Amino acid sequence: MRAVQRGLGAAMALFLVAGSGFAEEWSRFRGPNGSGVSTSKGLPLEFGPEKNVNWSTEIPFARSSPVLAGQRIFLTAIDADEFSTLALDRQTGKILWRQELARNRTDEFHQDTDSATPSPVTDGDNVYAFFQETGLVAYGAEGEALWSLELGPFRNFYGIAASPILVGDTLILLCDQAAGSFLLAVDKNTGKEQWRQARPARLEAYTTPILYPDDGSPEQIIVSGSRWVDAYDPTSGESLWATNQVGTSPVSSPVLAGDLLFVNAPDHASEPPPPFSDLAKEHDANNDGRLTRPEVEGSWMKNHFGFVDADGDDAITESDWKTVNDTFENDNWGMNALRIPTAGKQPELLWRNQQSVAYIPSPVLYEGVLYMVKDGIVSSMDPQTGEVHKRGRLTKGSTKVYASPVAADGKIYFATLDGQVAVVAAGPEWEVLAMNDLGEEIHASPAIVDGHLFVRTRGKLYDFAASRDAETGAPEGPSISDPRPRNLTMR
């Protein structure tokens, strides 16, 4: 009788999963706890606008990544003076609703970022989004406005890029900036602030927090910041530990492997900066010791003026120049491996790798190998020692990669800025299996759910899935255990 009951229970569980059609979720930036890893099988190897595409939908532009839960896909976007939050049907790609939010102010940004860079997060029903020039906003499953919380203004020329995350009923948002950085906790149901933890000496950073030991039983919120890695109590915001063994202004978000934490900050000052007197000699037309916007027109400073102007007085002075260069002067840059401490102790730095260090993309740890990518150069490393197994290019020449890689089904997907998605056979001696051209630049990190690969280009969201054999329902082509196709030239 018990065997029959167990059999019925298993059958009922299978029915519930099959009935919903969806077993996985990708509810936050980079999926489960920001890992970029899915348990999906049967993912496509070759795909494009006309191949292995389940559907594609035209959407407004943003650099944020898609998130999924249940029947819904949620996106954010920017269009002129309005910010959008959209919900799409997961099976068809149809836009179910789109809500607009007017900006509260106009901030100065670098040309490669904007208020819609952070990705949303969903609890399976509602969706929560952050836009730097407005704040936090929450919508219900049918698009009804639930609440909004105005935040800012902020001083971060490259944008508050951290995506909000959920810890139970609490929404967590990291706001690191040139002054007044803080970590914020908000009740997801009401939008009311629960706690706010000041982060003194933590300057501009662009990472999204993760949870330890995992997002199912979180005991710590881990934040990779400029020169510091911090851990906070999720319920109170109390500081649990901190270490300043890392580099400045990280963009890549951290990842975990058990109690090993991987944080990355690039070398922002690979060459000694010129003295301010050299800049003044070339650009200070009226010799007043202040470089104005018209005076630096045509130089590299034009596109970074809002950052180099450290005190925000609309002129670059010798003091500003010193502040910026002091910020970047740090020898602890690179990929760092730390062991998360037990109570009352400090993290242990296990190793540091300073070769071909990723600038923007977050790393991915998959099947015992750590991967990072810089300008199309992929490094695979032993996570225990930092030893490099292989370093090589995805394609000939140099291609920029802003999107973070994602992994599943024995494959790793690298999306390039020029619209290529490289499919790599996972392993220490990784190999490129296919290059897929989507014809539009890609800023957003892909999502992987239930055998589907969701890729956002500049103007479209694609759902790619491997073709299925009509009789068996199995993916066509090579087996998942060996994803390399026959007669395909390796690149």
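Data block above holds the structure.
Conventions and cut-offs
Residues numbered from 1 in each chain as written. Predicted model: local features only at pLDDT ≥ 70, side-chain atom pairs only at ≥ 80, totals over all residues. Heavy atoms only, no water. Phe/Tyr/Trp six-rings, centres within 6.5 Å; stacked < 30°, edge-to-face > 60°. Buried < 20%, exposed > 50% of the residue type's maximum accessible area, 1.4 Å probe, protein only. Helix = DSSP H or I, 4+ residues; strand = E, 2+ residues; numbered from the N terminus. Pairing = 2+ DSSP bridges. Axes fitted to C-alpha atoms, helices over the stretch in contact; angles between N-to-C directions. Salt bridge = Lys/Arg side-chain N within 4 Å of Asp/Glu carboxyl O.

A.B. asks: Requested: an account of the packing of aromatic side chains, with residues and values cited.
C.D. replies: According to the stated counting rule, one finds 16 aromatic pairs in the structure shown. Ring centres of Tyr462 and Phe464 lie 5.1 Å apart, and the angle between their planes is 10°; on these two criteria the pair is classed as stacked. A single burial state applies to Tyr462 and to Phe464, both of which are buried. Taken together, the ring pairs in this structure connect Phe157, Tyr158, Tyr206, Phe307 and Phe328 into an aromatic cluster.

A.B. asks: Outline the environment of Val127, supporting the account with residue identities and numerical values.
C.D. replies: Within the secondary structure, Val127 sits in strand β7 (residues 127–131). Placed 150 residues apart in sequence, Val127 and Ser277 show a C-alpha to C-alpha distance of 51 Å.

A.B. asks: A description of the sheet that holds strand β16 (residues 229–232) should follow, citing residues and the corresponding values.
C.D. replies: Backbone-to-backbone hydrogen bonds pair the strands of a sheet. The strands run either parallel or antiparallel. What the four strands build is an open sheet, ordered β14-β15-β16-β17; its pairing is antiparallel. Looking at strand neighbours, the two that pair on one side only are β14 (210–212) and β17 (239–243), the edges of this open sheet. When strand polarity is set aside, the average angle formed by the axes of neighbouring strands in this sheet is 25°. In this structure, β14 lies alongside strand β15 (residues 220–224), joined through three bridges in antiparallel fashion. Bridged to Ile210 within β15 is Ile222.

A.B. asks: Just give me the short version of the pairing of strand β11 (residues 170–175), but keep the residues and values in it.
C.D. replies: Along a regular strand, successive side chains alternate from one face of the sheet to the other. The element β11 is extensively covered by neighbouring structure, given that six of its six residues are classed as buried. Judged by which residues are buried, β11 turns out to be covered on both faces: Thr170, Ile172 and Leu174 on one side and Leu171, Leu173 and Cys175 on the other are all buried. One ladder, built from three bridges, connects strand β10 (residues 165–167) with β11; its direction is antiparallel. In the strand pairing of β11, Val167 is matched with Thr170. As judged from the six bridges shared by β11 and strand β12 (residues 182–187), these two strands associate in the antiparallel manner. Across the sheet, the residue bridging to Ile172 is Ala185, located in β12.

A.B. asks: Any chance you could break down the pairing of strand β24 (residues 377–381) for me, citing the residues and the numbers?
C.D. replies: Along β24, five of the five residues are buried, which leaves the element largely enclosed by surrounding structure. Across the two faces of β24 the burial is the same, with Ile377, Ser379 and Met381 and Val378 and Ser380 all buried. Adjacent in sequence and paired antiparallel, strand β23 (residues 369–374) and β24 are bridged by two residues, among which Asp375 carries a positive phi angle near 50°. Of the pairings in the sheet, the one linking β24 to strand β25 (residues 388–393) comprises five bridges and is antiparallel in character. Each bridged residue has a counterpart across the sheet, and for Ile377 the counterpart in β25 is Arg393.

A.B. asks: Describe the pattern of salt bridges, naming the residues involved and giving the relevant values.
C.D. replies: Counted according to the given criterion, the structure contains 22 salt bridges. The shortest N-O distance in the salt bridge between Arg105 and Asp107 comes to 3.4 Å. Residue classification places Asp107 among the buried positions, given a relative accessible area of 15%. Members of the salt-bridge network, linked through shared partners, are Asp176, Arg199, Arg202 and Asp230.

So yeah, pure geometry; function would need other evidence.
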